[in-house]
Amino acid sequence: MRALLLINNSISADLAELALDSDEIRPEEAALITLRKLHRPWFDRCTPRLDYPAAPRLDLKGQWRFTAYYWRGARLLSRVLRHPGLREIYLVNNDNLLTNHLLASASRLPRVRITVLAEGLMNYQDIQAKNRAAWRNRLKPLLAGCFGLRNQPVTGHLSGAFDPAVSRVISFEAKGLHAPPEKVTILPFKAVAPRVSPRGDTLLYIETALWQWMPAEEWEPIARGFARWIHTQGFARLRVKAHPNYPPCPLLRSLLPPFELVHEGKSLEQVASEIEASAVVGTCCTGLVTLRLLRPDLRCVDYGSNRYIHAAYHGDRSVIRLMESLGVELIDFNDGEAAGKEGLAV
């Protein structure tokens, strides 16, 4: 065994595969722990392996269903870290009980290089402990002790990129990345050839979990404004891609024009070549950025950043700079009916 991987979404999975290839490590030489429910064919070649058991929960009560998972994860880490051949650890942040344990244990692992894999927009935003629910910050040290895990206070960026134990940060784009420049390695996503011709009368909306990161009274105006904006665009067909890990916002779905769910259970990166819409929209969605790299022929539009960066991210504008640099179009939240009258449909 040469490597240990802890990944949590489509982007970190794709970067992990690229990183293993770059470091000349076969999946058969890697232990794998998934921190969200996902799968890639190469996962089946990793051993040992621990899969996240269910859809994540953001409330305190819902955490108890994952007790057995973290117990097994702690035992697996104990075994893997004792393996004499271990040389590489790839992880996605310092915010998870298991990843935090690895960073807290780094001084005992002088032979092992620790790499942070970008997981999405959070690596391009100033995401810190203040962006997480207070109960999580208080509870994690207690839970770590219960599972026999080491714990260190989470300070600074939650990706762990600035942690002294981290030697390398791998991402798909350098612009706006929150990481020490000397640590950064870019493994770019290459453009894919479309398998279908984009239709000018079709709009794809990518659902995100943004609505769960702010109070309902802050989200509701954004949802209503976004739905009004979509109604003004004149598309004959609306397609909606659900988030692979989090539930949809019932309010926003109720406000949308008639739509069809597509690409269920798959990540946007997996289906990039199959998108038939000419325009793709979302609210603070990593997929808008990765699609600009994978499908530069598509129009990618973000709605409401002028409102959601204050409601969810304490005014941090990092995500705006990233999107603008890659050509994602920004539509401001607008309380009136005139927002977006210029239209996207052709």
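Note that this is a predicted model, so its numbers are computed, not measured. (Residues numbered from 1 in each chain as written. Predicted model: local features only at pLDDT ≥ 70, side-chain atom pairs only at ≥ 80, totals over all residues. Heavy atoms only, no water.)

Here we look at the sheet that holds strand β2 (residues 30-34)
Here is step 1: The parallel open sheet is built from 7 strands, whose spatial order is β3-β2-β1-β4-β5-β6-β7. Looking at which strands have only one partner, the edges of the open sheet turn out to be β3 (49-50) and β7 (184-186).
Here is step 2: Both strand β1 (residues 3-7) and strand β4 (residues 88-91) contribute to a ladder of 3 bridges, which runs parallel. Each residue of the ladder has a partner; that of L4, found in β4, is I89.
Here is step 3: The strands touched by helix α1 (residues 10-22) within the sheet are β1, β4, β5 (113-117) and β6 (166-171), with β1 carrying the most contacts at an inclination of about 160°.
Here is step 4: Taken strand by strand, helix α2 (residues 67-81) contacts β1, β2, β3 and β4, and its axis lies near 160° from that of β2. (Pairing = 2+ DSSP bridges. Helix = DSSP H or I, 4+ residues; strand = E, 2+ residues; numbered from the N terminus. Contact = heavy atoms within 4.5 Å. Axes fitted to C-alpha atoms, helices over the stretch in contact; angles between N-to-C directions.)

What about helix α5 (residues 216-232)?
Here is step 1: With 17 residues, α5 should reach 24 Å at 1.5 Å per residue; the first-to-last C-alpha distance of 24 Å fits that figure.
Here is step 2: Along α5, the residues classified as buried are W219, I222, A223, G225, F226, A227, W229 and I230.
Here is step 3: Directly after α5, the chain includes G234, whose backbone phi takes a positive value near 80°. (Expected span 1.5 Å × (residues − 1). Buried < 20%, exposed > 50% of the residue type's maximum accessible area, 1.4 Å probe, protein only.)

A word on the nonpolar core
Here is step 1: Within the largest apolar cluster, 119 residues are counted, with the highest numbers of intra-cluster contacts made by I89 and Y308.
Here is step 2: Setting aside residues no more than four positions away along its own chain, I89 makes contact with L4, L81, L102, L109, V112, R113, I114 and T115. (Core = buried A, V, L, I, M, F, W, Y, C linked by side-chain atoms within 4.5 Å.)

Regarding helix α3 (residues 97-104)
Here is step 1: Burial analysis of α3 places 8 of its 8 residues in the buried class, which makes it a mostly covered element.
Here is step 2: Buried within α3 are the following residues: L97, L98, T99, N100, H101, L102, L103 and A104.
Here is step 3: Where α3 begins, the side chain of N96 points an oxygen toward the backbone nitrogen of L98, at a separation of 2.7 Å. (Polar contact = N/O pair within 3.5 Å; in protein donor to acceptor, adjacent residues only side chain to side chain.)

Some thoughts on the pairing of β6
Here is step 1: For β6, the buried fraction is high: 5 of the 6 residues fall into the buried class.
Here is step 2: Bridging between β5 and β6 involves 4 bridges; their strand directions are parallel. The partner of L117 across the bridge, within β6, is I170.
Here is step 3: With respect to chirality, the unit in which β5 leads through helix α4 (residues 134-146) into the neighbouring parallel β6 is right-handed.
Here is step 4: Pairing between β6 and β7: 3 bridges, direction parallel. Of the residues in β7, the one forming a bridge with I170 is T185. (Right-handed = clockwise from strand over helix to strand, strands pointing away.)

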